[in-house]
Amino acid sequence: MKILSALLTAALLLAGIESSHAAVRIADDPGGQIGEYLSRYSELRASGQTVMIDGLCASACTILLSTIPHDKICVTPNATLGFHAAYDFVGNGRTVTNPEATQLLYSGYPSQVRRWITRRGGLTPRMIFLRGKQLQAMYRPCYVDARAPAAMPSHSDLVDQDQRGFFAGYGAPLARVHK
């Protein structure tokens, strides 16, 4: 009976450890609409889960650096972040850089990421990539866990006030960023 009780206790402890290490895995995310990412990341931040970057996270995907706590982000050796200036669609498939939105994106990034971007000429229409040892020096390492989902959780219509303030006034024109 004591052995059974000890095994049950150990199983419950391990189950608790497993759930506390749950992670959402980003493996190949080229970006998209800013509003969708703000909603997703709001839910993810509220869940307390860790975000594991295990591949490309580019364009609007990088907003996670502004919304997810630093201690809830980890990177694998495969992690790559892609940054560029925000832009608006102006018709006929044309785009124009939006300086105000670009400044908002830039100012939301952690200071070490901003310094890295600045050393490479800032946010421009050209994509720049942060990866390897430089990225691993900024974020804690994580290791791929086959159980981590490869997609972001579904988003809801609720975006918390902090994130609304971050992009206040930029609604529809900033619906997408360059991929």
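Here the structure is a predicted model, which means the values were calculated and not measured.

Enquirer: I'm lost on the confidence of the model for the protein in this one. Help?
Expert: Caution applies to low-pLDDT regions: their predicted coordinates should not be interpreted in detail. Per-residue confidence for the protein averages 75 on the pLDDT scale, and 67% of its residues sit at or above 70. Looking across the protein, the model is least confident in helix α7 (residues 161-166), with a mean pLDDT of 33, and most confident in strand β7 (residues 128-131), with 98. Low pLDDT (under 50) marks residues 1-20, which in the prediction has one contact with non-local residues, meaning those over four places away or in another chain.

Enquirer: Hey, could you run me through the state of the cysteines in this one?
Expert: According to the stated counting rule, one finds two disulfides in the structure shown. Put simply, Cys57 and Cys61 are joined by a disulfide, and their sulfur atoms are 2.1 Å apart. Linking Cys57 and Cys61, the disulfide has an S-S dihedral of approximately -110° and is accordingly described as left-handed. The exposure classification of Cys57 matches that of Cys61, with both residues buried.

Enquirer: Quick question: what am I supposed to make of the nonpolar core here?
Expert: Soluble globular proteins tend to bury their nonpolar side chains together. With 35 residues, the main nonpolar core has Tyr41, Ile53, Leu64, Leu65 and Phe83 as its most contacted residues. Looking at this core element by element, the count peaks at five residues for helix α2 (residues 34-47).

Conventions adopted
Residues numbered from 1 in each chain as written. Predicted model: local features only at pLDDT ≥ 70, side-chain atom pairs only at ≥ 80, totals over all residues. Heavy atoms only, no water. pLDDT = per-residue confidence, 0-100. Helix = DSSP H or I, 4+ residues; strand = E, 2+ residues; numbered from the N terminus. Contact = heavy atoms within 4.5 Å. Disulfide = S-S within 2.5 Å. Buried < 20%, exposed > 50% of the residue type's maximum accessible area, 1.4 Å probe, protein only. Core = buried A, V, L, I, M, F, W, Y, C linked by side-chain atoms within 4.5 Å.

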